[in-house]
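Here is what each chain is made of, one letter per residue.
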Amino acid sequence: MIGTGSVAVRLGNLLDRLGERVLAWDELALEWVGGNPFLRRLDGIWVLATYLGDGYIWGLLALYLILFGGPSDHRNVLVSLAVLMVEITVLRLFKAFFARPRPILLGRVHPGRTAALDVHAFPSGHATIAFGIACLIALFYPAWPNVLLAYLVAGAIGLSRIYLREHFPMDVIGGAVLGSSMSCLLAPPFCMLIH
């Protein structure tokens, strides 16, 4: 009969090996994206996407809806701000808990980008916010051109973070999952609170 301690040890070893494989894939994927010749031809687009992901594009969208939208648009902006405040709080807690160093801090630097906003990589804040807002756009403005454009912008922002070597791919994937899931979970109750 196999003891429960033996099963726990084997499960622990299996999880360790799985974790090592995921981290090895993460390293290889970072190098592939960062060194991809096609993506290099679009270098300026990735730098622009990262800077837009700092919040400028989302702030302009909110300003447009406030200035030119109706009451439902104003409510959607308020709900989105409430959701984003919670997402940013959870994001900061995750970053502090996981404390994963950025690729930049491990010597993998993209020319022209050396200053990171913080030292922790997982999850990507840019990806969390970009995919969280894309999810909110899909919920509030579900016409397919809106949703397609929102997710294309979010995808470009996420890819830019990997290309510029500010995040590993798993950081961006984790941010996309965190932002999307929190927006989907929080938007309905906040909509009921903010009429």
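Residues numbered from 1 in each chain as written. Predicted model: local features only at pLDDT ≥ 70, side-chain atom pairs only at ≥ 80, totals over all residues. Heavy atoms only, no water.

1. As for the packing of aromatic side chains
Ring pairs (aromatic) are described by centroid distance and by the angle formed between their planes.
Moving on, step 1. Applying the stated rule across the entire model yields six aromatic pairs.
Moving on, step 2. Ring geometry for Phe94 against Phe98: centres 6.0 Å apart, planes inclined by 70°, an arrangement best described as edge-to-face. Here Phe94 and its partner Phe98 are both found in helix α4 (residues 71–98), four residues apart, which amounts to about one turn of the helix.
Moving on, step 3. Pairing Phe98 with Phe122 gives two aromatic rings, centres 4.9 Å apart and planes at 85°, and the pair type is edge-to-face. A residue pair is termed long-range when its members are at least 10 positions apart, and Phe98 in helix α4 and Phe122 in the loop between α4 and α5 (125–140) qualify at 24 residues.
Moving on, step 4. An aromatic cluster is present here, built from Phe94, Phe97, Phe98 and Phe122 joined pairwise through their rings. (Phe/Tyr/Trp six-rings, centres within 6.5 Å; stacked < 30°, edge-to-face > 60°. Helix = DSSP H or I, 4+ residues; strand = E, 2+ residues; numbered from the N terminus.)

2. Observations regarding the layout of surface pockets
Moving on, step 1. Space inside the largest pocket adds up to approximately 810 Å³.
Moving on, step 2. Lining the largest pocket are 35 residues, and of these Trp58, Gly59, Leu84, Ile129 and Ile133 lie nearest its centre.
Moving on, step 3. Counting residues per element, the ones that place at least two in the lining of the largest pocket are α3 (43–68), α4, α5 and α6 (144–163).
Moving on, step 4. Its residues placed into classes, the lining of the largest pocket shows 20 nonpolar, nine polar and six charged. (1 Å grid on protein atoms, 1.4 Å probe; cavity = no way out; pocket = protein on both sides within 12 Å on 5 of 7 lines; lining within 4 Å. Points joined across faces, edges and corners; volume = space filled by probe spheres on them. Nonpolar A, V, L, I, M, F, W, Y, C, P; charged D, E, K, R; others polar.)

3. Quick look at the packing of α3 against α5
The geometry of a pair of packed helices is captured by two quantities: the angle between their axes and the separation between those axes.
Moving on, step 1. Relative orientation of the contacting elements α3 and α5 amounts to 30°, with a least axis distance of 9 Å. Compared by their axis directions, α3 and α5 come out roughly parallel. You can see that α3 and α5 cross each other, and the crossing is left-handed. Within the contact between the two elements, α3 uses Thr50, Gly53, Asp54, Trp58 and Leu61 and α5 uses His126, Ile129, Ala130, Ile133 and Ile137. (Axes fitted to C-alpha atoms, helices over the stretch in contact; angles between N-to-C directions. Parallel < 35°, antiparallel > 145°, perpendicular 65-115°, else oblique. Left-handed = near helix turned anticlockwise from the far one by under 90°. Contact = heavy atoms within 4.5 Å.)

4. Observations concerning α4
Moving on, step 1. Taking 1.5 Å as the rise per residue, α4 with 28 residues should run 40 Å; its terminal C-alpha atoms sit 40 Å apart, in good agreement.
Moving on, step 2. In this structure, the buried side of α4 is in contact with α3, α5 and α7 (169–193).
Moving on, step 3. Just beyond α4, the residue with positive phi is Ala99, at close to 45°. (Expected span 1.5 Å × (residues − 1).)

5. Details of the nonpolar core
Moving on, step 1. Core analysis: the biggest nonpolar cluster contains 22 residues, and Trp58, Ile133 and Tyr163 have the highest contact counts within it.
Moving on, step 2. Breaking this core down by element, the ones donating at least two residues are α1 (4–35), α3, α5, α6 and α7.
Moving on, step 3. In terms of residue count, the dominant contributor to this core is α5 (seven residues).
Moving on, step 4. When near neighbours in sequence (up to four residues on either side) are disregarded, Ile133 contacts Trp58, Leu84 and Ser183. (Core = buried A, V, L, I, M, F, W, Y, C linked by side-chain atoms within 4.5 Å. Buried < 20%, exposed > 50% of the residue type's maximum accessible area, 1.4 Å probe, protein only.)

6. Points about the pattern of salt bridges
Opposite charge on two side chains permits them to pair, given that their charged atoms come into close proximity.
Moving on, step 1. If you walk through the whole model with that rule in mind, you get five salt bridges.
Moving on, step 2. A salt bridge links Glu166 to Arg102; the shortest N-O distance between them is 3.7 Å. Linking Glu166 in the loop between α6 and α7 with Arg102 in the loop between α4 and α5, this pair joins segments that are 64 residues apart in sequence. Across the pair, Arg102 and Glu166 agree in class, each one buried.
Moving on, step 3. Across the salt bridge formed by Glu166 and Arg161, the nearest N and O atoms sit 3.1 Å from each other. For the pair formed by Glu166 and Arg161, the shared burial category is buried.
Moving on, step 4. Each of Asp26, Arg100 and Asp171 takes part in a single network of salt bridges with overlapping partners. (Salt bridge = Lys/Arg side-chain N within 4 Å of Asp/Glu carboxyl O.)

7. Description of the side chain of Asp73
Moving on, step 1. Topologically, Asp73 is positioned in helix α4.
Moving on, step 2. At 2.9 Å, the side chain of Asp73 and the backbone nitrogen of Gly70 are in polar contact.
Moving on, step 3. Once residues within four sequence positions are removed from consideration, Asp73 is found in contact with Leu65 and Tyr141. (Polar contact = N/O pair within 3.5 Å; in protein donor to acceptor, adjacent residues only side chain to side chain.)

The values are spatial; any link to function lies outside them.
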